[in-house]
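In case you want the letters, here they are:
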Amino acid sequence: MFNDDDDNQQRLDNALSRLRTSMSGQARERADRIAFINSLYIGTKRDDKLNELVDLLVGNAAGAAHGEPGKRRALFVIGESGSGKSTAIRHLIANRIEFRPYDDGSGQTIRPMLSFDAPSPLTLKLLAKVGIEATGYPIFGRLQENEAWDLFKQRLQGSSVLFLHIDEMQHAVKGNNPTKLQHLADTVKSLLQIRDWPLHIILSGVPSVIDFLDHDDQLKNRSMVMEFAPQTKAAAETVSAVVQRIVEKHAGMRLSKNASDEEFVFRLIHATNGAFGTIIQVVRAAVEHVMMHATDKDGEPVPEVVSLNSFAEVYSAFTGCVPAQNVFKVKQWDIIVPSNALARMLKKREWDRKVGISGGVK
Ligand SMILES: Nc1ncnc2c1ncn2[C@@H]1O[C@H](COP(=O)(O)OP(=O)(O)O)[C@@H](O)[C@H]1O
Ligand SMILES: [Mg+2]
């Protein structure tokens, strides 16, 4: 018998297999090529810094075997939407041996790291419920807020969870008044003070999450913070290397001169508000645009070259802007206020892909 997850997986497999047979061989090949490119992780120095902070959390937890661990048990990872927080943390969790699931000797799989998204809109009761379910425990019947939190803590201990990651933590801050924020801060602190259980937590979200931290000095003293800051012109070299890596190494295409000079990199940083993940998504979309135009009007193959024009097409397709507002087209690109639509549309497109709604830039 399938459980719900297996059922959904089966349904998705069937739907995708049906979709694939209805596509042309060329379209299928393109979809697989872009899926391969999308699956590649791009590491930077930020990952080293994040790993160092997680080293501290892990070391602190391990120290609990020989007495009271240090009190810095929380790591806040903040950055604007599209800066790459979720992807970096997901990658780190998947690759750190300390977080790897293991067999406890009786055939039960233990997951030392539990990671889930904060629900929106967020109430504390709902947060605990989502957490309880994430430990694999179905909830029947109603629970009061304090009962839900007690059960969540029991479940964390009962499932031998030492590390907890909650993403999209800004949902906790949005629209909540100071009293509610204090209550939330107290609840998070209580997670860090479970008796005889040295839980360590990573909370990530947009910079307003800091409001939540600022609210409580005690919590601040128990926390470390890492910011996924926007890329600025000073990071042009890094950004340029990322573009080159995706186009040449990942996609096996050529990068034209007008899409590799310094001015181009500045345009790209400007168009994406410096959000690292959005930069990657835009370059991948430009690559896909070139794939979609792999033949000329007579059906003859043309060389795959990513140019400034590929980026202009992507920008216009995702923002719907007029040519005079296209950051990749006009001379005075730096006076254009970049469209927020770009990041939003790119996120939506990635989501559509995941659920099987295809769509490229024509
Ligand atoms: N290091 C990375 N390597 C490859 N792709 C990345 C990386 N960081 C971000 N991305 C891409 O950018 C998108 C947006 O990043 P995401 O992690 O969702 O940002 P955030 O969580 O800060 O809003 C991701 O879905 C992914 O496609
Ligand atoms: Mg995210």
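About the cut-offs
Along every chain, residues carry numbers that run from 1 in the direction the sequence is written. Starting at A for chains and at 1 for ligands, labels are handed out in the order in which the entities are written. Local features in this predicted model are restricted to residues of pLDDT 70 or higher, and side-chain atom pairs are both shown and tallied only at a pLDDT of 80 or more, whereas totals for entire chains, interfaces and linings draw on every residue. Excluding hydrogens and water, the side-chain values take into account all heavy atoms of the structure. Strands are runs of DSSP state E lasting at least two residues, helices are runs of H or I lasting at least four, and both sets are numbered from the N terminus onward. Expected helix span is computed as 1.5 Å times (number of residues minus one). To sort residues, take the accessible area from a 1.4 Å probe on protein chains only and compare it with the maximum for the residue type: under 20% means buried, over 50% means exposed, and anything in between is partly exposed. Any two residues whose heavy atoms approach within 4.5 Å are treated as being in contact. Note on definitions. A residue lies near a molecule or strand when any single heavy atom of the residue is within 4 Å of it. Side-chain atoms alone can form a polar contact between residues adjacent in sequence; in general such a contact is a pair of N or O atoms within 3.5 Å, and within protein one must be able to donate a hydrogen while the other accepts it. Every accessible area reported is derived by Shrake-Rupley at a probe size of 1.4 Å, with residue values counting cover from the shown protein chains alone. Any residue outside Ala, Val, Leu, Ile, Met, Phe, Trp, Tyr, Cys, Pro, Asp, Glu, Lys and Arg is labelled polar, Gly included; the first ten of those are nonpolar and the last four are charged. Should DSSP find at least two bridges between two strands, the strands are taken to pair. Only the stretch in contact is used when fitting a helix axis, every axis being a line fitted to C-alpha atoms; angles between N-to-C directions are given from 0 to 180 degrees. Side-chain rings of Phe, Tyr and Trp, where Trp is taken by its six-membered ring, are said to pair if the distance between their centres is within 6.5 Å; with planes under 30 degrees apart they count as stacked, over 60 as edge-to-face, and otherwise as tilted. Domain extents, as shown, originate in an automatic or database domain assignment. Summed over both partners, the accessible area (1.4 Å probe) lost when two parts come together is defined as the buried area. Criterion for a salt bridge: a side-chain nitrogen of Lys or Arg within 4 Å of a carboxyl oxygen of Asp or Glu. Each patch is assembled from residues with relative accessible area greater than 30% and no salt bridge, linking like charges that lie within 9 Å and nonpolar side chains (Val, Leu, Ile, Met, Phe, Trp, Tyr) that lie within 5 Å.

Now for helix 7 (residues 178-191). Between the first and last C-alpha of helix 7 there are 20 Å, a value that for 14 residues agrees with the 20 Å anticipated at 1.5 Å per step. Of the positions making up helix 7, those classed as buried are Leu181, Leu184, Ala185, Thr187, Val188, Lys189, Ser190 and Leu191. Looking at the buried side of helix 7, the elements it contacts are helix 5 (124-134), helix 6 (145-158), strand 5 (163-167), strand 6 (200-205), helix 8 (209-214) and helix 9 (217-221).

Attention now moves to the site of ligand 1. In the vicinity of ligand 1 lie 18 residues, with Gly82, Lys85, Ser86, Thr87 and Glu350 positioned nearest. One of the side-chain N or O atoms of serine 86 is found 2.8 Å from an oxygen atom in ligand 1. For ligand 1, an oxygen atom lies 3.1 Å from a polar atom in the backbone of glycine 277. Considered on its own, ligand 1 offers 550 Å² of accessible surface; in the complex 92% of this is hidden by protein. The element best represented in the shell around ligand 1 is helix 12 (residues 276-292), accounting for five residues. Of the residues belonging to the shell around ligand 1, the class tally is five nonpolar, eight polar and five charged.

Moving on: the sheet that holds strand 1 (residues 74-78). The strand order across the open sheet formed by five strands is 4-5-6-1-7, and the pairing between neighbours is parallel. Either end of the sheet is taken by a strand with one partner, and the two such strands are strand 4 (113-117) and strand 7 (223-227). For this sheet the average axis-to-axis angle between neighbouring strands, irrespective of direction, equals 15°. Pairing of strand 1 with strand 7, which is carried by five bridges, proceeds in the parallel orientation. Considered in strand 7, the bridge of alanine 74 is made with serine 223.

This part is about helix 10 (residues 236-250). A turn of α-helix holds 3.6 residues, and therefore any two residues three or four places apart point the same way. For helix 10, which comprises 15 residues, the first-to-last C-alpha distance of 20 Å matches the rise-based estimate of 21 Å (1.5 Å per residue) to within 8%. Inspection of helix 10 places Ala236, Val239, Val242, Val243, Ile246, Val247 and His250 among the buried residues, and these make up the whole buried set. At the exit of helix 10 stands glycine 252, carrying a positive phi of roughly 65°.

Quick look at the packing of aromatic side chains now. By the definition in use, this model includes seven aromatic pairs. Between the aromatic rings of phenylalanine 116 and phenylalanine 152, the centroid separation amounts to 6.3 Å while the plane-to-plane angle is 70°, which identifies the pairing as edge-to-face. Taken together, the positions of phenylalanine 116 in strand 4 and phenylalanine 152 in helix 6 put the pair 36 residues apart, joining distant regions of the chain. Note on accessibility: phenylalanine 116 and phenylalanine 152 belong to one class, buried. Aromatic side chains phenylalanine 311 and phenylalanine 328 sit 5.6 Å apart centroid to centroid with 35° between the ring planes, which places their arrangement in the tilted category. In this pair, phenylalanine 311 is assigned in helix 13 (residues 308-319) and phenylalanine 328 in the loop between helix 13 and helix 14 (341-354), connecting sequence segments 17 residues apart. Here the two residues phenylalanine 311 and phenylalanine 328 agree in accessibility, since each one is buried.

This part is about the domain arrangement of the protein. Examined at the domain level, the protein breaks down into domain 1 (45-227) and domain 2 (232-354). Distance from the C-alpha centre of domain 1 to the C-alpha centre of domain 2: 35 Å. Residue-level contacts link five residues of domain 1 with five residues of domain 2. A combined buried area of about 340 Å² lies between domain 1 and domain 2, and 46% of that area is made up of carbon and sulfur atoms. Three residues, Arg46, Ser81 and Gly82, lead the burial of domain 1 against domain 2; their summed loss comes to 79% of the area buried on that side. Remark: the boundary between domain 1 and domain 2 carries zero salt bridges. At the junction of domain 1 and domain 2, the tally comes to two residue pairs in polar contact (both at pLDDT 80 or more). Here the residues of the side of domain 1 that touches domain 2 sort into no nonpolar, four polar and one charged.

Together, Leu12, Leu16 and Leu19 make up an exposed nonpolar region whose accessible area comes to about 190 Å². Structurally, leucine 16 is set in helix 1 (residues 4-21).

Here we come to the pairing of strand 5. Summarising burial for strand 5: five of the five residues are buried, a large majority. Residues Phe163, His165 and Asp167 of strand 5 are buried on one face, and the alternating residues Leu164 and Ile166, pointing to the opposite face, are buried as well. Note that strand 4 and strand 5 share five bridges and pair parallel. For leucine 114, the partnering residue across the bridge sits in strand 5 and is leucine 164. Sheet analysis places strand 5 next to strand 6, joined by four bridges and oriented parallel. Directly across from isoleucine 166, in strand 6, lies its bridge partner leucine 203.

Okay, the pairing of strand 1 next. In terms of residue burial, strand 1 counts as a mostly covered element, since five of its five residues are buried. Side chains Ala74, Phe76 and Ile78 project from strand 1 onto one buried face, and the interleaved Leu75 and Val77 project onto a second face that is buried too. When strand 1 meets strand 6, the two strands line up parallel, connected through five bridges. Residue pairing across strands places leucine 75 opposite isoleucine 202, the latter belonging to strand 6.

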